[in-house]
Amino acid sequence: MSSSVAGPDCCGGLGNIDFRKADLCVMTRLLGYVDPSDPSFVAAVLTIIFNPLFWNVVARWEQRTRKLSQALGSSHLGCYALGGAILLLNALRSHCFTRAMLSQPRMDSLDNLLAYGAGLGLLGVGSVLVLSSFFALGFTGTFLGDYFGILKEARVTTFPFNILDNPMYWGSTANYLGWAVMHASPAGLLLTVVVALAYTVATLYEEPFTAEIYRQKASQSHKGS
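Notes on the structure follow.

What counts, and at which threshold
Residues numbered from 1 in each chain as written. Predicted model: local features only at pLDDT ≥ 70, side-chain atom pairs only at ≥ 80, totals over all residues. Heavy atoms only, no water. Helix = DSSP H or I, 4+ residues; strand = E, 2+ residues; numbered from the N terminus. Contact = heavy atoms within 4.5 Å. Buried < 20%, exposed > 50% of the residue type's maximum accessible area, 1.4 Å probe, protein only. Phe/Tyr/Trp six-rings, centres within 6.5 Å; stacked < 30°, edge-to-face > 60°. Lys NZ or Arg CZ within 6 Å of the ring centre and 35° of its normal.

### Brief notes about the side chain of Ser185
Then step 1. Inspection of the secondary structure assignment puts Ser185 in the loop between helix 6 (167-182) and helix 7 (186-224).
Then step 2. Once residues within four sequence positions are removed from consideration, Ser185 is found in contact with Met101 and Ala180.

### Focus: the environment of Ser40
Then step 1. Looking at the element boundaries, Ser40 is found in helix 2 (residues 39-65).
Then step 2. Since its relative accessible area comes to 15%, Ser40 is described here as buried.
Then step 3. For the pair Ser40 and Met101, spaced 61 residues apart in sequence, the C-alpha to C-alpha distance is 8.4 Å.
Then step 4. Residue contacts for Ser40: discarding those within four places in its chain leaves Cys96, Arg99, Ala100 and Ser103.

### Details of the packing of aromatic side chains
Then step 1. Applying the stated criterion across every chain, the model contains 9 aromatic pairs.
Then step 2. Aromatic pair Tyr80 and Phe139: ring centres 5.6 Å apart, planes at 70°, arrangement edge-to-face. Separated by 59 residues along the polypeptide, Tyr80 in helix 4 (residues 75-102) and Phe139 in helix 5 (residues 113-142) bring together distant segments of the chain.
Then step 3. Under the relative-accessibility criterion, Phe139 is labelled partly exposed at 27%.
Then step 4. Ring geometry for Phe97 and Tyr176: centres 4.7 Å apart, planes at 45°, overall tilted. One end of the pair, Phe97, is in helix 4; the other, Tyr176, is in helix 6, with 79 residues separating them in the sequence.
Then step 5. Note on Phe97: relative accessible area 0%, which makes it buried.
Then step 6. We classify Tyr176 as buried; its relative accessible area is 7%.
Then step 7. An aromatic cluster is present here, built from Tyr80, Phe134, Phe135, Phe139 and Phe143 joined pairwise through their rings.
Then step 8. Above the ring of Tyr205, the side-chain terminus of Arg60 is found at 4.3 Å from the ring centroid.

Dropping the structure here:
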């Protein structure tokens, strides 16, 4: 597998670019660096997809059956157990992501101090979003406590939730993007796209449930007042 790709002529030359095909050209260049059949890359894709699938399936199962809470003796212990499992799985995902990057070629155009600084900045922004989300939600709010019946008085609307929805997910995505740019890794960039897609699907699954349980809570509060 070659670690270099053709220059601008892949799009017909700078003076004759069809911008309708520009995105395809960029993707083609990235794919020229990546071996999707590499075991490390496959493992990274699988962990990225598996993690949100796992926590959503377990959380919905718990919400319907309360089996985890019953087995551990309380809803809080059940939430702590799920949160611990999610943290371990996320550590495994990050490990697989890094191994996949290191096993594939670097991109020369990203292998410079300016790109490294941009990646570091993305990592900083992502870390702020993730940590501030955690402090705003707390452990149980972060790790699906609402599925265990552990609800806050109302949905959190303080920073960073007042600037964007699902800041923890997008902060995590920014972290992976920054990590990929710092390593000048086309494989990392493609894996970051997979991360973003996995989180997008997760939010489509989670958001209606969260909105509904807080709507029910507000309705019950009004009836009781």
